[in-house]
Amino acid sequence: MSDPDTTLAEVEMPVKSVAIRDAAAPFDDTARADIILRSSDGVDFRVYKNILSLASPVFGTMFSLPQPAEPYDGGDEVRHGLPVLPLTEDAHTLNIVLRWCYPVAVPRLTSLSVIRCVFQAAHKYAMDDLCDSVELDLLGAMDADPLGVFAVATSFGLETSAAQAATRTLQLPLAALHSPELHRISSGQYYALLAYRLTCGVAARDVALSKSWFNLDLYSDIVTLGGDMDLCKRCCVEDGQTDWYAPRFVWSYLRHAGTLLLHHPYGEAVKSAEVAPSRRERRCEQCRVNRFRDFHLFMEHFAREVDSAVAQVSVPRFY
Ligand SMILES: [Zn+2]
């Protein structure tokens, strides 16, 4: 993760003609700061070389070099007697990176674009502890944007986080998968994610096609084997392939759920209103069985079996 070969030329930013402003505390120490770091958007951070050197080996190497007689290449000034070092990071990113070096509070990062910028800077300046901290913030953004977390994690080669995010995307149907961060990954990486989802979808769909998980002890009003047939002759039928009997709405439900699972391989999906039969569909005038409770147990069991099958699918590497 560290990149000790990062050179001064790579961390500097050619000066643009932007209005220069001063950063707020704690980067406003005009008395003791010994260098100014200038952000790409023109904010001057007065900092201490010793502190930055302890936090970043890249800064350490940079500051240990003989000080140039003239201002740094790419810079064009000495301000208030301090050399000005222009950097590629914007002020928001630099503020977070520098706060990490100082004994001050560092805000928790929630925006994926900020997380990406800070991670990029932390990687460039070989600040491994900051990389670890930002990766935790990245995982914290999972609920809000799992595809975005996947994109950021993949683009930085964070294998474990990318795998977690890929699995987390299964909780969303394919049509709901979008993120402003998606363009950060290659089409090949996105294809690998879709291929993983499809493998999970087939595994989940196969649960809907199988009857091997049916449990007579849990919901005897919903399914039974032909030999023990004591269900209503009006609403219960064979599935056409095995000896299992169930009300017609159960077979219909499993067919619809199987189709849904191909694109949304997630246990909770089989309990959604999109596929779950209504009370009216479950009612039979002849047997008058209240199947609400047993069908609820059937769906819960089905959902657990789907999640169990999907969990068996190995998550690929995405880069
Ligand atoms: Zn009936």
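Since the model is a prediction, treat every value here as computed from it, not as a measurement.

About the cut-offs
Residues numbered from 1 in each chain as written. Predicted model: local features only at pLDDT ≥ 70, side-chain atom pairs only at ≥ 80, totals over all residues. Helix = DSSP H or I, 4+ residues; strand = E, 2+ residues; numbered from the N terminus. Buried ≥ 20, exposed ≤ 12 C-beta atoms within 10 Å, placed from the backbone. Contact = placed C-beta atoms within 7 Å. Pairing = 2+ DSSP bridges. Arc of directions from axis to C-beta. Core = buried A, V, L, I, M, F, W, Y, C linked by C-beta atoms within 7 Å. Axes fitted to C-alpha atoms, helices over the stretch in contact; angles between N-to-C directions. Parallel < 35°, antiparallel > 145°, perpendicular 65-115°, else oblique. Left-handed = near helix turned anticlockwise from the far one by under 90°.

A.B. asks: Help me understand the overall build of the chain, please; the structure alone is not making it clear to me.
C.D. replies: For the chain, the count of helices and strands is 12 helices and eight strands. Relative to its 319 residues, the chain shows a buried fraction of 34%. Counted over contacts in the chain with a minimum sequence separation of 6, partners at least 24 positions apart contribute 65%.

A.B. asks: I keep staring at the sheet that holds strand E1 (residues 21-22) and nothing clicks. Help me out?
C.D. replies: Adjacent strands of a sheet pair through backbone hydrogen bonds, lying either parallel or antiparallel. With mixed pairing, five strands are arranged side by side in an open sheet as E1-E3-E2-E5-E4. In the strand order of this sheet, the two ends are held by E1 and strand E4 (78-79), each with one partner. Both E1 and strand E3 (residues 43-47) contribute to a ladder of two bridges, which runs parallel. Its bridge partner lying in E3, Asp22 is registered against Asp44.

A.B. asks: How do you make sense of helix H8 (residues 159-168) when you look at a structure like this?
C.D. replies: An α-helical segment advances 3.6 residues per turn. Residues three or four places apart therefore align on the same side. Every buried residue of H8 is accounted for by Ser161, Ala162, Ala165 and Ala166. One side of H8 carries all its buried residues, which in axial view fall inside an arc of 140°. Residues of H8 that are buried in the fold lie against helix H6 (128-140), helix H7 (146-155) and helix H9 (187-209).

A.B. asks: For this particular structure, what's the right way to read unusual backbone geometry?
C.D. replies: Trans peptide bonds make up the majority, and among non-glycine residues the majority have a negative phi. Following Ala25, the chain continues into Pro26 via a peptide bond in cis, with omega recorded as 5°. Its place among the elements puts Pro26 in the loop between E1 and strand E2 (35-38). A positive phi angle, near 50°, is found at His80, a position not held by glycine. Along the polypeptide, His80 turns up in the loop between E4 and strand E5 (82-86). His80 sits in the exposed class, given 10 other C-beta atoms within 10 Å.

A.B. asks: Would you explain the nonpolar core in this entry?
C.D. replies: The tendency in soluble globular proteins is for nonpolar side chains to be buried as a group. By size, the foremost hydrophobic cluster in this structure holds 80 residues, and its most contacted members are Phe45, Val97, Val118, Ala122, Val134, Phe150 and Ala153. Setting aside chain neighbours within four positions, we find Ala122 in contact with Val97, Met127, Leu130, Cys131 and Val134.

A.B. asks: Is there a simple way to explain the sheet that holds strand E8 (residues 244-247) in this structure?
C.D. replies: The antiparallel open sheet is built from three strands, whose spatial order is E6-E8-E7. The open sheet has two edge strands with one neighbour each: strand E6 (224-225) and strand E7 (236-238). Two elements, E6 and E8, share two bridges in a ladder whose sense is antiparallel. Bridging from a neighbouring strand, Thr224 pairs with Tyr245 of E8. Those strands touched by helix H10 (residues 248-263) are E7 and E8, and its axis lies near 95° from that of E8.

A.B. asks: Quick question: what am I supposed to make of the packing of H7 against H8 here?
C.D. replies: In helix packing, the relevant descriptors are the interaxial angle and the interaxial distance, both defined with respect to the helix axes. As a packed pair, H7 and H8 sit with axes 8 Å apart at the nearest point and diverge in direction by 155°. Taken together, the axes of H7 and H8 lie roughly antiparallel to each other. As for how H7 packs across H8, the hand of that crossing is left-handed. Contacts between H7 and H8 involve Pro146, Val149, Phe150, Ala153 and Thr154 from the first element and Ser161, Ala162, Ala165, Ala166 and Arg168 from the second.

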